[in-house]
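Secondary and tertiary structure notes
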Amino acid sequence: MAHYWGKQIDDGVVTDAGEIARRERMDVTRVREILRLVIIDPQTASAIFEGRQPRTLSLEFLVRKSLPLDWELQRQMVTENAS
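Please read these numbers as outputs of a predicted model, since none were measured by experiment. (Residues numbered from 1 in each chain as written. Predicted model: local features only at pLDDT ≥ 70, side-chain atom pairs only at ≥ 80, totals over all residues. Heavy atoms only, no water.)

**Topic: the environment of Asn 81**
Residue placement: Asn 81 occurs in helix H6 (residues 71-82). Residues Asn 81 and Thr 56, 25 residues apart in the sequence, show an inter-C-alpha distance of 6.9 Å. Ignoring anything within four residues of it in the chain, the contact list for Asn 81 reads Thr 56, Leu 57 and Phe 61. (Helix = DSSP H or I, 4+ residues; strand = E, 2+ residues; numbered from the N terminus. Contact = heavy atoms within 4.5 Å.)

Laid out in structure tokens, this is it:
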């Protein structure tokens, strides 16, 4: 959803998270949390899509944590969460 919504914003289909929230009938705070997921490193994203992520890794963990832009640091956070 994050990449889809981000592309909609980039392409001008919607103007902001508020418009997405109205269209999706979601809370704007939740939409913003999910939009932040566009910065997840590709390895972690692939693991999630393929079902190889640590069992303890949840959407709530990803949206509630302040993810660093550095992908290596993100992978460390995910690994530490799995411990």
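**Thoughts on the pattern of salt bridges**
The final tally for this structure, using the stated rule, is nine salt bridges. Across the pair Asp 41 and Arg 75 runs a salt bridge whose closest N-O atoms are separated by 2.7 Å. Taken together, the positions of Asp 41 in the loop between helix H3 (28-35) and helix H4 (42-49) and Arg 75 in helix H6 put the pair 34 residues apart, joining distant regions of the chain. Under the relative-accessibility criterion, Arg 75 is labelled partly exposed at 23%. A salt bridge links Arg 64 to Glu 60; the shortest N-O distance between them is 3.2 Å. With Arg 64 and Glu 60 both in helix H5 (residues 59-64) and four residues apart, this pair spans about one turn of that helix. One connected set of salt bridges, linked through shared partners, spans Arg 30, Glu 33, Glu 60 and Arg 64. (Salt bridge = Lys/Arg side-chain N within 4 Å of Asp/Glu carboxyl O. Buried < 20%, exposed > 50% of the residue type's maximum accessible area, 1.4 Å probe, protein only.)

**A closer look at the packing of helix H2 (residues 17-24) against H3**
One can describe the packing of H2 onto H3 by two numbers: an axis separation of 8 Å at closest approach and a directional angle of 115°. The angle between the axes of H2 and H3 places the two elements in the roughly perpendicular class. The two elements H2 and H3 cross, and the hand of that crossing is right-handed. Facing H2, whose interface residues are Ala 17, Gly 18, Ile 20 and Ala 21, H3 presents Val 28, Val 31, Arg 32 and Leu 35. (Axes fitted to C-alpha atoms, helices over the stretch in contact; angles between N-to-C directions. Parallel < 35°, antiparallel > 145°, perpendicular 65-115°, else oblique. Left-handed = near helix turned anticlockwise from the far one by under 90°.)

**Concerning H3**
An α-helical turn contains 3.6 residues, so a residue and the one three or four places further along point in the same direction. Buried within H3 we find Val 31, Glu 33, Ile 34 and Leu 35. Residues of H3 that are buried sit in contact with helix H1 (2-10), H2 and H5. Regarding H3, its N-cap is Asp 27, as a side-chain oxygen of that residue lies 2.9 Å from the backbone nitrogen of Thr 29 further along. (Polar contact = N/O pair within 3.5 Å; in protein donor to acceptor, adjacent residues only side chain to side chain.)

**Here's the deal with H6**
In this model, H6 (twelve residues) spans 17 Å end to end at C-alpha, consistent with the 16 Å of a helix rising 1.5 Å per residue. Of the residues making up H6, those classed as buried are Gln 74, Met 77 and Val 78. Considered in projection along H6, the buried side chains sweep an arc of 95° and stay on one side of the axis. Those residues of H6 that are exposed and angled more than 90 degrees off the buried face are Thr 79 and Glu 80. (Expected span 1.5 Å × (residues − 1). Arc of directions from axis to C-beta.)

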